[in-house]
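Structural overview for review
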Amino acid sequence: MSQFKAGFVNLFGPPNAGKSTLLNALLGEQLVAVSPKVQTTRHRIVGILNEPQYQIIFSDTPGIIEPKYKLHQKMMASVKSAIEDADVALLLADITQEPAEFEFIRDTLRIKAPVIFLLNKADLLKSPEALQQKLAQYESHFPQWKALPVSASTGAGIPELMQLILERLPEAPPYYPDDNISDRPVRFFVSEMVREQIFHLYGDEIPYHAAVLVQAFEEKTTLTVIKADIIVSRETQKMILLGKGGAMIKKLGIQSREKMEAFLDRKVHLELFVKVRPKWRDNETYLREYGYQ
Ligand SMILES: Nc1nc2c(ncn2[C@@H]2O[C@H](COP(=O)(O)OP(=O)(O)OP(=O)(O)O)[C@@H](O)[C@H]2O)c(=O)[nH]1
Ligand SMILES: [Mg+2]
């Protein structure tokens, strides 16, 4: 019988490449926040896949960007730490991107682990010829990386990807007990569900100024009571979050609650409070309080 395999498989790439969507597809679970906007992911988030013959600890990471404020610096520090301890690196491209856009990642990150270069969103290319052509371009540009077209949305290429990962995974005993699906507490995922819905409901500015902090999580006999603060930088942002007569925050509450109920598999009573903390994204104390180490 073959030995048990275990290791850290970390996802990297530019914003919006579909890293979080792929992690959910690999785990078969809506674990992490996904949205059409860039920078949806702010933390390194771990999801654990347990099988009789292997344990894979996947890390989702924020999209690689030029840091503009302290929150960004922390986001990029979490990417760096994920690069350092990867056993296998999954580098994601949106297949419609040009290979040249990845030269800076190759030159600045110097990934030591074996790289699987995933050309995601392959469903966007309509003909098999177009797909082959793109694959050939990427392969000739980055011959050191194993390239594979996939679609995190449709699941195309995921079985092949699992095969490639397992071939590269080291033999090792499991790192976590096999009933864990993440190293993060439920509270964290609950706060991310509110943040995800903020990305979906509001325009271009609000999501980047908002943080969510769960203040209470109480399991009662028939339901779970959750109270969360939404932190924004300005009074005007608070007005937008609330909406006319509170219409928007009501919608946010309903959508977030539905996500939580599906995730926790029980009824949830959710209360949201909006608070203004000027310049929180550049304030070390606030950043730490909101979970950005
Ligand atoms: N057509 C198509 N869209 C996809 C695919 N994978 C992800 N998307 C979409 O791409 C957008 C970004 O997906 P995310 O998973 O949030 O991307 P990300 O790389 O985690 O982005 P950041 O966290 O902001 O760095 C979402 O609207 C997804 O629905 C895919 O395979 N095909
Ligand atoms: Mg993401």
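Before reading further, recall that the structure is shown in the block above.
Here is a short report on the structure shown in this document. (Residues numbered from 1 in each chain as written. Chains lettered and ligands numbered in written order. Predicted model: local features only at pLDDT ≥ 70, side-chain atom pairs only at ≥ 80, totals over all residues. Heavy atoms only, no water.)

Attention shifts here to the site of ligand 1. Inspection of the region around ligand 1 gives 23 residues, with Lys19, Thr21, Gln39, Thr40 and Thr41 positioned closest. Separating an oxygen atom of ligand 1 from a side-chain N or O atom of Ser20 is a distance of 2.9 Å. Between ligand 1 and Gln39, the relevant distance is 2.6 Å, taken from an oxygen atom to a main-chain nitrogen or oxygen of the residue. When isolated, ligand 1 has an accessible area of 660 Å², and the protein chains bury 88% of it. Taken atom by atom, the bulk of ligand 1 overlaps the largest pocket. Looking at the shell around ligand 1, the element that brings in the most residues is helix α1 (residues 19-27), giving 3 residues. Along the lines of polarity and charge, the residues of the shell around ligand 1 split into 7 nonpolar, 12 polar and 4 charged. (Near = heavy atom within 4 Å. Polar contact = N/O pair within 3.5 Å; in protein donor to acceptor, adjacent residues only side chain to side chain. Areas by Shrake-Rupley, 256 points an atom, 1.4 Å probe, with all protein chains shown as cover. 1 Å grid on protein atoms, 1.4 Å probe; cavity = no way out; pocket = protein on both sides within 12 Å on 5 of 7 lines; lining within 4 Å. Sits in = over half its atoms within 2 Å of the grid points. Helix = DSSP H or I, 4+ residues; strand = E, 2+ residues; numbered from the N terminus. Nonpolar A, V, L, I, M, F, W, Y, C, P; charged D, E, K, R; others polar.)

Before going further, it helps to examine the sheet that holds strand β8 (residues 223-232). The strand order across the open sheet built from 3 strands is β7-β8-β9, with neighbouring strands paired in mixed fashion. Whereas interior strands pair on both sides, the edge strands pair on one side only; in this sheet they are β7 (211-219) and β9 (267-276). Strand-to-strand twist in this sheet, taken as the mean axis angle between neighbours without regard to direction, amounts to 20°. Strand direction decides the pairing type here: β7 and β8, joined by 8 bridges, are antiparallel. Counterpart to Glu218 in the pairing with β8 is Val225. The strands touched by helix α6 (residues 186-201) are β7, β8 and β9; relative to β7, the strand with the most contacts, the crossing angle is about 130°. Lying on the sheet, helix α8 (residues 235-242) is in contact with β8 and β9; it crosses β9 at an angle near 155°. (Pairing = 2+ DSSP bridges. Axes fitted to C-alpha atoms, helices over the stretch in contact; angles between N-to-C directions. Contact = heavy atoms within 4.5 Å.)

We now examine the packing of aromatic side chains. Centre-to-centre distance and the angle between the planes together describe a pair of aromatic rings. Counted under the stated rule, the structure contains 13 aromatic pairs. Pairing Phe188 with Phe189 gives two aromatic rings, centres 5.3 Å apart and planes at 75°, and the pair type is edge-to-face. Like Phe188, the residue Phe189 is buried in the burial classification. Taken together, a centroid distance of 5.5 Å and an interplanar angle of 80° make the contact between Phe199 and Tyr208 edge-to-face. With relative accessibility at 1%, the residue Phe199 sits in the buried group. One aromatic cluster is present, formed by Phe102, Phe117, Tyr138, Phe142 and Trp145 through successive ring pairs. Taking NZ or CZ as reference, Arg184 lies 4.2 Å from the ring centre of Phe188, over its face. Lying across the ring of Tyr69, Arg281 places its NZ or CZ 3.7 Å from the centre. (Phe/Tyr/Trp six-rings, centres within 6.5 Å; stacked < 30°, edge-to-face > 60°. Buried < 20%, exposed > 50% of the residue type's maximum accessible area, 1.4 Å probe, protein only. Lys NZ or Arg CZ within 6 Å of the ring centre and 35° of its normal.)

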